[in-house]
Amino acid sequence: MAYRPLTESVTGLEEEVLRTWDAEDTFRLSLDDRADAPDFVFFEGPPTANGRPGVHHILARTIKDLIARYRTMTGHRVTRIAGWDTHGLPVELEAEKELGISGKPEIEELGIREFNDVCRKNIFTYQDEWEKMSRRIAYWLDYEHPYVTCSSRFVESAWWAISEIEKRGLLYRGHRIVPYCPRCGTGLSSHEVAQGYRDVNEPSVFVKFHLVDDPDGARILSWTTTPWTLPGNLALAVAEDVEYVRVRVLEDQPDEAGKLPRRDGPGCAAPGEVLILAKARVESVMTHPYEVVGEVVGAELVGRAYEPLFPGAVERGGSEAAWTVLAADFVTTEDGTGIVHTAVMYGEDDYRLGVATGLPQQHTVDEAGHFMPEVPGGLGGLHVKDKGTERAIRDWMVENDLLYRREMYEHSYPHCWRCASALLYMARNSWYIRTTAVKDQLLANSASVDWHPPEIGSGRMGEWLANNVDWALSRERYWGTPLPIWLCSEDDSHRRVVGSYDELAGFAGDLGEDFDPHRPEIDEIGWECHEEGCGGHMRRVPEVADAWFDSGSMPFAQWHYPFENVDEFERHFPAHYIAEGVDQTRGWFYSLLAISTILFETSPYRAVVVNDLILDAHGRKMSKSRGNIVDPWDAIGEYGADVIRYYLIAGSNPWLPKRWDPSALHETERKLFSTLRHTYRFFVLYAGEEDWSHDGDRVAGEPTDLDRWILGRLDRLATTVGEGLESYDLTRAARQIQTFVLDDLSNWYVRRSRDRFWATGDDADPADTARAFTTLHECLSTSALLLAPFAPLLADWLYRALADGDSAHRADFPASADRFESELDQAMEDARELAALGRAAREDAGVRTRQPLAAVHAVVPGGRRLPESISALLAEELNVKQVVFLSDTGDLLRLSAKANFGVLGPKHGAQTPAVARAIGELEGDGLARLREGTGVEITVGDRVVEVAPEDVEILEHAQTELAMASSQGYLAALDTDVDEALRGEGLARELVNRVQRIRREEGLEVADRIRLIVAGAEDIENAAREHGAYIAGETLAVSVDVGNAGSADLTSVEIDDLDAMIRVERVSG
RNA sequence: GGGCCCGUAGCUCAGCCUGGUUAGAGCGCACGCCUGAUAAGCGUGAGGUCGGUGGUUCAAAUCCACCCGGGCCCA
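Described below are features of the structure shown in this document. (Residues numbered from 1 in each chain as written. Chains lettered and ligands numbered in written order. Predicted model: local features only at pLDDT ≥ 70, side-chain atom pairs only at ≥ 80, totals over all residues. Heavy atoms only, no water.)

Another point: the overall build of chain A. Looking only at helices and strands, chain A has 36 helices and 38 strands in total. Against the globule reference of 31 Å for 1069 residues, chain A gives a C-alpha radius of gyration of 41 Å, more extended than a compact globule. Counting only C-alpha atoms, chain A reaches 125 × 90 × 55 Å along its principal axes. The buried share among the 1069 residues of chain A stands at 55%. (Helix = DSSP H or I, 4+ residues; strand = E, 2+ residues; numbered from the N terminus. Rg over C-alpha atoms; globule rule 2.2 N^0.38 Å. Buried < 20%, exposed > 50% of the residue type's maximum accessible area, 1.4 Å probe, protein only.)

As a further point, take helix α1 (residues 10-24). Over its 15 residues, α1 extends 21 Å from the first C-alpha to the last, a length consistent with the 21 Å expected when each residue adds 1.5 Å. For α1, the full list of buried residues reads Leu13, Glu14, Glu16, Val17, Leu18 and Trp21. Against α2 (26-33), α3 (55-73), α7 (127-136), α23 (641-650) and α28 (792-802) lie the buried residues of α1. Directly beyond the C-terminal end of α1, a positive phi value near 55° is found at aspartate 25. (Expected span 1.5 Å × (residues − 1). Contact = heavy atoms within 4.5 Å.)

On to the protein's contact with RNA strand B, then. As a matter of local geometry, RNA strand B sits amid 49 residues, with Glu667, Tyr686, Trp758, Arg850 and Phe901 nearest to it. In this structure, arginine 754 approaches RNA strand B through a side-chain N or O atom, which is 3.1 Å from a base nitrogen. In this structure, arginine 989 approaches RNA strand B through a side-chain N or O atom, which is 3.3 Å from a phosphate oxygen. Elements with a minimum of two residues in the surface near RNA strand B: α15 (454-466), α24 (662-690), α26 (730-753), α29 (822-845), α31 (901-908), α32 (912-920) and α34 (980-1001). (Near = heavy atom within 4 Å. Polar contact = N/O pair within 3.5 Å; in protein donor to acceptor, adjacent residues only side chain to side chain.)

So, on to the sheet that holds strand β24 (residues 605-611). Ordered in space as β15-β24-β23, the three strands form an open sheet in which the pairing is parallel. Looking at the sheet topology across the chains shown, the edges are occupied by β15 (450-452) and β23 (575-581). Along the sheet, successive strands turn relative to each other by an average axial angle of 15°, direction set aside. Pairing geometry for β23 and β24, over six bridges, is parallel. Pairing of glutamate 580 across the sheet is with valine 610, part of β24. Sheet strands touched by α3: β23 and β24. Its angle to β23, the strand with the most contacts, is close to 165°. Helix-sheet contacts for helix α21 (residues 588-600) involve β15, β23 and β24, and the interaxial angle to β23 is about 150°. (Pairing = 2+ DSSP bridges. Axes fitted to C-alpha atoms, helices over the stretch in contact; angles between N-to-C directions.)

In space, the four strands of this open sheet follow the order β4-β3-β14-β16, with antiparallel pairing throughout. A single partner strand is all that each edge strand has here, and the edge strands are β4 (186-187) and β16 (471-472). As paired strands, strand β3 (residues 171-181) and β4 are joined by two bridges and run antiparallel to one another. Residue pairing in the sheet places tyrosine 180 in a bridge with glycine 187 of β4.

Of note, the bond from histidine 452 into proline 453 is cis; its omega dihedral lies within 30 degrees of zero at 0°. Relative to the helices and strands, proline 453 resides in the loop between β15 and α15. Of the consecutive residues arginine 519 and proline 520, the connecting peptide bond is found in the cis state with omega at 0°. By secondary structure assignment, the location of proline 520 is in the loop between α16 (501-508) and α17 (521-524).

With that settled, consider the packing of helix α8 (residues 152-167) against α16. Relative orientation of the contacting elements α8 and α16 amounts to 80°, with a least axis distance of 10 Å. With respect to α16, the element α8 is oriented roughly perpendicular. Contact residues: Ser152, Val155, Glu156 and Trp159 in α8; Tyr501, Asp502 and Leu504 in α16. (Parallel < 35°, antiparallel > 145°, perpendicular 65-115°, else oblique.)

Looking now at the packing of aromatic side chains. A full pass over the atoms with the stated rule returns 48 aromatic pairs. The interplanar angle of 80° and the centroid separation of 6.4 Å between the aromatic rings of tryptophan 84 and phenylalanine 124 together place this pair among those described as edge-to-face. Separated by 40 residues along the polypeptide, tryptophan 84 in strand β1 (residues 81-84) and phenylalanine 124 in the loop between α6 (112-122) and α7 bring together distant segments of the chain. Overall, the relative accessible area of 32% leaves phenylalanine 124 in the partly exposed class. Seen in terms of ring centroids, tryptophan 160 and phenylalanine 556 are 5.4 Å apart; in terms of plane orientation they differ by 75°. Their pairing is edge-to-face. Taken as a pair, tryptophan 160 in helix α8 and phenylalanine 556 in helix α19 (residues 554-557) lie far apart in primary sequence, 396 residues in all. (Phe/Tyr/Trp six-rings, centres within 6.5 Å; stacked < 30°, edge-to-face > 60°.)

What follows concerns the pattern of salt bridges. Counted under the stated rule, the structure contains 79 salt bridges. One salt bridge in this structure joins aspartate 33 and arginine 810, with 2.7 Å as the shortest N-O distance. Of this pair, aspartate 33 sits in helix α2 while arginine 810 sits in the loop between α28 and α29, and the two are 777 residues apart along the sequence. Given the relative accessible area of 37%, aspartate 33 is considered partly exposed. Look at arginine 810 and you get partly exposed, because its relative accessible area is 25%. Notably, a salt bridge pairs glutamate 273 with lysine 208, separated by 2.8 Å at the nearest N-O pair. Linking glutamate 273 in the loop between β8 (243-249) and β9 (274-278) with lysine 208 in strand β5 (residues 197-210), this pair joins segments that are 65 residues apart in sequence. The same class applies to glutamate 273 as to lysine 208, namely buried. Salt bridges linked by common partners bring Arg713, Asp744, Asp825, Glu829 and Arg832 together as one network. (Salt bridge = Lys/Arg side-chain N within 4 Å of Asp/Glu carboxyl O.)

In this section: the side chain of lysine 64. Tracing the sequence through the fold places lysine 64 in helix α3. According to the relative accessible area criterion, lysine 64 is buried, its value standing at 3%. Of note is the side chain of lysine 64, whose polar atom sits 2.9 Å from the side chain of glutamate 44. If we skip the residues at most four places from it in the chain, lysine 64 touches Phe42, Glu44, Gly45, Tyr139, Tyr577, Ala579 and Glu580.

This paragraph deals with the packing of α23 against α28. The interhelical angle for the contact between α23 and α28, taken along N-to-C directions, is 120°, at an axis separation of 7 Å. Taken together, α23 and α28 sit at an angle that is classed as oblique. Within the contact between the two elements, α23 uses Ala641, Asp642 and Arg645 and α28 uses Pro792, Leu793 and Leu794. Split into classes, the residues belonging to the contact of α23 with α28 amount to four nonpolar, no polar and two charged. (Nonpolar A, V, L, I, M, F, W, Y, C, P; charged D, E, K, R; others polar.)

Moving on, we get to the environment of leucine 353. Take leucine 353: it is sitting in helix α12 (residues 348-357). As for leucine 353 and aspartate 329, which are separated by 24 residues in sequence, their C-alpha atoms are 9.7 Å apart. Beyond its immediate stretch of four places on either side in the chain, leucine 353 contacts Ala237, Leu326, Ala327, Ala328, Phe330 and Thr342.

Turning our attention to the nonpolar core. Among the nonpolar cores identified, the biggest contains 147 residues, and Trp660, Phe683, Tyr749 and Phe790 are the most heavily contacted of them. Top contributing element to this core by residue count: α24, with eleven residues. In terms of nonpolar packing, the next biggest core, distinct from the first, is built from 58 residues, Ala218, Val274, Tyr346 and Leu424 among them. (Core = buried A, V, L, I, M, F, W, Y, C linked by side-chain atoms within 4.5 Å.)

Right, let's talk about the state of the cysteines for a bit. Taken as a whole and assessed by the stated rule, the structure comprises zero disulfides. Its sulfur unpaired, cysteine 488 is 3.3 Å from the next cysteine sulfur, which belongs to cysteine 534. Residue cysteine 488 is classed as buried on the basis of its relative accessible area of 5%. (Disulfide = S-S within 2.5 Å.)

This is a description of form; function is not addressed.
Structure (structure tokens):
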């Protein structure tokens, strides 16, 4: 058989393979092959289908695909179901943009139905593009049966999960402090908040809180930059270990000019008044003269009661802690007074403290940003951010002697990105999952995961879990999984958390065909409360679920578990492996973990590989505003998918931020891919010439040392690549393949074997040629298999071309045949090191490689010698007649000893340096004995130390005039004398070189026979005569005619300043 | 403010977990070589004391502490 010529265009080859896959349905076949094989479970993290795929998605998808392909090759069935994340704010924002509306009031004006219709329609805007790109980068995934988070089936499974959480008593209603836009009536996501920070100059106030039952009638001084939260004040927070002082305000003293100090602005303190604040803050806060009349630590203040600032604004409701001093860990003395005003509903710390100590949870501000009617001082109904409001608050405080002073304060404050309103941090109703109740299990389950890199698990995820707060499940939005929670209009302790559509139908009657659970239809469904004698109406709560709950439910919801596919779910849970970006730590990794921990008491995944961002070539984050986003299609068109995939994996570990560097892509293409293609092309060319094929009947001779060496390396490579992939060390595995292909296979095995691939000379040995082909064929096809997970397209093409036509992705991953021989490998290493040194010596001496030399004198560390065949390789590589190993009996060699610190250190401790120095001074006899393996005694200072052979390394140095180079105990010294015979041979070789060039220039095929005519200087003609047979063999000349130029058309060349005339004539037939 | 990662040659990265004394690759640069793969390939050379400081140790790029710079996530 003839091997297929390589498709020259890289992208053309890739497209060709993709077409083959489409026609053959190779992905399906690869799954069917493994139908009865053990499962290797992979979960696809659903991308949001309303954004375009970028280059960073290629990285994530490559990592996913790579392991899946590898596991398939190791005999597993790797089910890979595509998924789409279809709910959530990004989809809503896109819909708002399309509809030209903004904010909740406008959405509700339009109608939730119309709005959600647009959301639903938009979901798959980019789906085609995702699938197209995934196909092109050879990401195999089952797109025919994707899970879609907004499908009825998926939502029903999510409902089931929520109802299970309720059954475990872990679902509750509370509040959540959100950055809230009172105009738009909506909470903002952190991403939105980040877009709207502005520097503002606003009043801040120092407020006097009148203590109850204080002998001095003291006031506690607190500070806030948001005066509108003061009516909601319910407590003062202090740090227990901070020192506070009581200070008495003194009379103002006239200055030198007899004037009293003037204070601008409202508020004051009368002489004799006693104020309490942190010792560290007194200097900067007090504007009056004062004296310190007492010191207390925070703990002593805890429990003291004070009078409400705005009586009646909030009802006590039986709370003991209301309007008292509380201890808190978030208090600092960096600004303010060291005493923090706490308005339970208007700050995150405040709310947490309120929950912990049982403070009332009551709003003083309504949804639109207006004070409630109960707030005294004429504030009721005012918008908290209106111009006059701050004035009204201030007036009330002045009237009631609550204000110490007021000053302007400049800081950065978030504003709504839509309407520029100042955001209010406000408690909103929210449904929570009590994840804190399972914190220990979360930590234990996370600890059981094989994280790559491990610090994600122990650090980022571990820290996050250790500080876990309850999961705020609900969103006050429209396009999402509706919370399946129904509350009674009369008593909201009557509630139903519905776990299936059947259950809902049981309460509310038939749901009809093709039931869709989304808003607003679901909001209409209700029923009479079932509680005895209640008579209330059950209505669904308006919220939808956090979209992370959807994606975290995919392990079971992708199977519509528990309603269907119970066995499929059980077989595919937990996942052996998932892979996503590091930003998913608190996203998908967390939501999967939390849900599975609660429902199934186990981690949903066993191994996780994370990837970091892809930066631009300058190390900057890619962003639209910078305009430095790389279009994946451009890159694919230029380099092809394989190169990109391999580069992304081999360049650096996936969990490090990676630069997108076109020059590195180019290098990857040249080094690994181009070399591999060249090697294949070389193989095809000569296999064709020699009519060899792997299933032919040519009998191969015994493997040479070189064959055994490369096959040993191949086996070792198969082992290490397999180990790397087993342990998710993808980068190391990828790099090893390149080293093998480039350095071992192409640049040594093929180079040193070249003339074995044509059986034309006098010493031709067809059996050996067959052996060389057999070896190269195995190396190429095994390399293709090893490369298949990384670069699936070229690998598949090569494997199909080299083997029997089946896809590489249906083959088994190569196993080592244990042919690695460490002594042979060491010898080859030695030879290659000596070859490098020999070339260096030639360069030094200015003698080119084509000039044969008599000998190289060589030294190998440890006195090793090379087997005959390896010596021959070395001689050929260096173009010398023989390799002479210097022996210590000769005059050429001098020995020295170097301490082996690793062995010496533990033996001698502090004496190590002295012993090492003494070893360095050893000479003659001692060295010789150590080299032969006997210990010697040396004197170090005043003691005698036994030095064993393993304590030292014996180095050999040449004492010679020869051209030499040495490194790391290796040495190569060339005998540069060129006698007449060598010179003749050199000239003959130059002639061969010139003839080959002419052959090429004249477009001859490699196997074409020629008639050769050589004329010119006497030395040239002599060399041509003497080495005619050699020249004829090398150039495929049927005749070499010397000195008889005649009238033929000759090409004139110059060799070492000598003129030569050459004619190459193709022999026809 | 908290957590995590990174900082080694002009550039991209190994090495660090498990400490051992001329710190390795590749790219780029300079010079040279080879070629029956050729709009390829190979070699040699120059170039770093491993972000800084302090500590542990006979010995630190490697372990510890603090600091500086960059990034990400969370507040």
